[in-house]
Amino acid sequence: LSILSRHNTTGDNLRRESKARGVDGARLHMAQVLGKRDHIRRMHVSDLFLDTFPYGAHTTCSEAMYAGLPILTRPGITFASRVAASLLYALFAGEMGQGGESGRGNPLPATIVFTEDDFVTTGSQLGLRKARMKSLTRRSRAAVNTSPMFVPDVWTHHFERLLLNIWEIHHSTSKSRPIISAFQPP
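These remarks concern the structure in this document. (Residues numbered from 1 in each chain as written. Predicted model: local features only at pLDDT ≥ 70, side-chain atom pairs only at ≥ 80, totals over all residues. Heavy atoms only, no water.)

1. A word on unusual backbone geometry
Reasoning step 1: In this structure, Pro54 follows Phe53 across a cis peptide bond, with omega equal to 10°.
Reasoning step 2: Residue position: Pro54 is located in the loop between strand E3 (49-50) and helix H3 (59-66). (Helix = DSSP H or I, 4+ residues; strand = E, 2+ residues; numbered from the N terminus.)

And the structure:
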């Protein structure tokens, strides 16, 4: 487990608490603050990004996606807890319209779960199923090359569509029309 740490006491405290719960503290890696390029590069050695709850990852989630890491998240009812799930949905939006990753019409990636038990179970299963983890990693890395989030020309196209839609709503007589998401598949 790699955790960003700005203070020496963070590692000491987490190792002490891990040991008290029967987990070898040596399994925890306290990552130092690095420049952006090195920060993203070091993510390539990880297998899975575990989002936190109730305040989840925001920029770090985007960086992990860019590095091709599968992300396990548990959204809640607050904005701060839903960012990673929203980013995952946007990353895989093109696939979701084709039946989702389960092939059964599930509109959400399988790494978005809604209970603490499901988070622990899914994380544990992914840790034990290396082939499934490799498959998720391949999909995540491939999505970075095609998602509007990471392909500037595609993102620009979607953003322009959103701005035009907002402009049309502004000039229309109906102010209650929904705004089309910038990340809908074309």
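2. Topic: the side chain of Ser5
Reasoning step 1: Assignment of secondary structure puts Ser5 in the loop between strand E1 (2-4) and helix H1 (8-20).
Reasoning step 2: Of the polar contacts made by the side chain of Ser5, one reaches the backbone oxygen of His7; its length is 2.8 Å. (Polar contact = N/O pair within 3.5 Å; in protein donor to acceptor, adjacent residues only side chain to side chain.)

3. So, the environment of Ser18
Reasoning step 1: Mapping Ser18 onto the fold places it in helix H1.
Reasoning step 2: Spatially, the C-alpha atoms of Ser18 and Leu28 are 8.8 Å apart, while their sequence positions differ by 10 residues.
Reasoning step 3: Once you skip the residues sitting within four places of it in the chain, Ser18 turns out to touch Val23 and Leu28. (Contact = heavy atoms within 4.5 Å.)

4. Describing H3
Reasoning step 1: When we look at burial in H3, the residues that qualify are Cys61, Glu63, Ala64 and Met65.
Reasoning step 2: The secondary structure elements touched by the buried residues of H3 are helix H2 (36-43), E3, strand E4 (71-72), helix H4 (79-91) and helix H7 (130-146). (Buried < 20%, exposed > 50% of the residue type's maximum accessible area, 1.4 Å probe, protein only.)

5. Examining the pattern of salt bridges
Reasoning step 1: Counted according to the given criterion, the structure contains four salt bridges.
Reasoning step 2: One salt bridge connects Glu63 with Lys36, and the closest N-O pair in it is separated by 2.2 Å. Highlighted residues: Glu63 in helix H3 and Lys36 in helix H2, separated in sequence by 27 residues.
Reasoning step 3: Of the residues examined, Glu63 reaches a relative accessible area of 8% and is grouped as buried.
Reasoning step 4: Overlapping salt bridges, with partners in common, bring together Arg16, Glu17 and Arg21 in one network. (Salt bridge = Lys/Arg side-chain N within 4 Å of Asp/Glu carboxyl O.)

6. Side note on the packing of H2 against H3
Reasoning step 1: It is at 9 Å that the axes of H2 and H3 come closest, and there the two elements cross at 65°. Once H2 is placed against H3, the crossing between them reads as right-handed. Listed contacts from H3 to Lys36, His39, Ile40 and Met43 of H2 are Thr59, Thr60, Glu63, Ala64 and Tyr66.
Reasoning step 2: Its residues placed into classes, the contact of H2 with H3 shows four nonpolar, three polar and two charged. (Axes fitted to C-alpha atoms, helices over the stretch in contact; angles between N-to-C directions. Left-handed = near helix turned anticlockwise from the far one by under 90°. Nonpolar A, V, L, I, M, F, W, Y, C, P; charged D, E, K, R; others polar.)

7. Some remarks on a nonpolar patch on the surface
Reasoning step 1: The grouping of Trp155, Phe159, Leu163 and Ile166 at the surface amounts to a nonpolar patch, some 330 Å² of accessible area in total.
Reasoning step 2: With respect to the helices and strands, Trp155 occurs in helix H8 (residues 152-171). (Patch = residues over 30% accessible without salt bridge, like charges linked within 9 Å, V, L, I, M, F, W, Y side chains within 5 Å. Areas by Shrake-Rupley, 256 points an atom, 1.4 Å probe, with all protein chains shown as cover.)

8. Here's the deal with the packing of aromatic side chains
Aromatic ring pairs: the centre-centre distance and the angle between the two ring planes describe each pair.
Reasoning step 1: Going through the model one piece at a time under the given rule, you end up with two aromatic pairs.
Reasoning step 2: Here the aromatic rings of Tyr66 and Phe150 are separated by 5.5 Å at their centres, their planes lie at 45°, and the arrangement is tilted. In this pair, Tyr66 is assigned in helix H3 and Phe150 in the loop between H7 and H8, connecting sequence segments 84 residues apart.
Reasoning step 3: We classify Tyr66 as partly exposed; its relative accessible area is 47%.
Reasoning step 4: Ring centres of Trp155 and Phe159 lie 4.8 Å apart, and the angle between their planes is 15°; this geometry places the pair in the stacked category. Note that Trp155 and Phe159 are positioned in helix H8 at a spacing of four residues, about one turn of the helix.
Reasoning step 5: Judged by relative accessible area, Trp155 falls into the partly exposed class, the value being 33%.
Reasoning step 6: Here the guanidinium or amino end of Arg74 rests over the ring plane of Phe53, the centre of that ring lying 3.8 Å away.
Reasoning step 7: When the ring centre of Phe92 is taken as reference, the NZ or CZ atom of Arg139 above it lies at 4.6 Å. (Phe/Tyr/Trp six-rings, centres within 6.5 Å; stacked < 30°, edge-to-face > 60°. Lys NZ or Arg CZ within 6 Å of the ring centre and 35° of its normal.)

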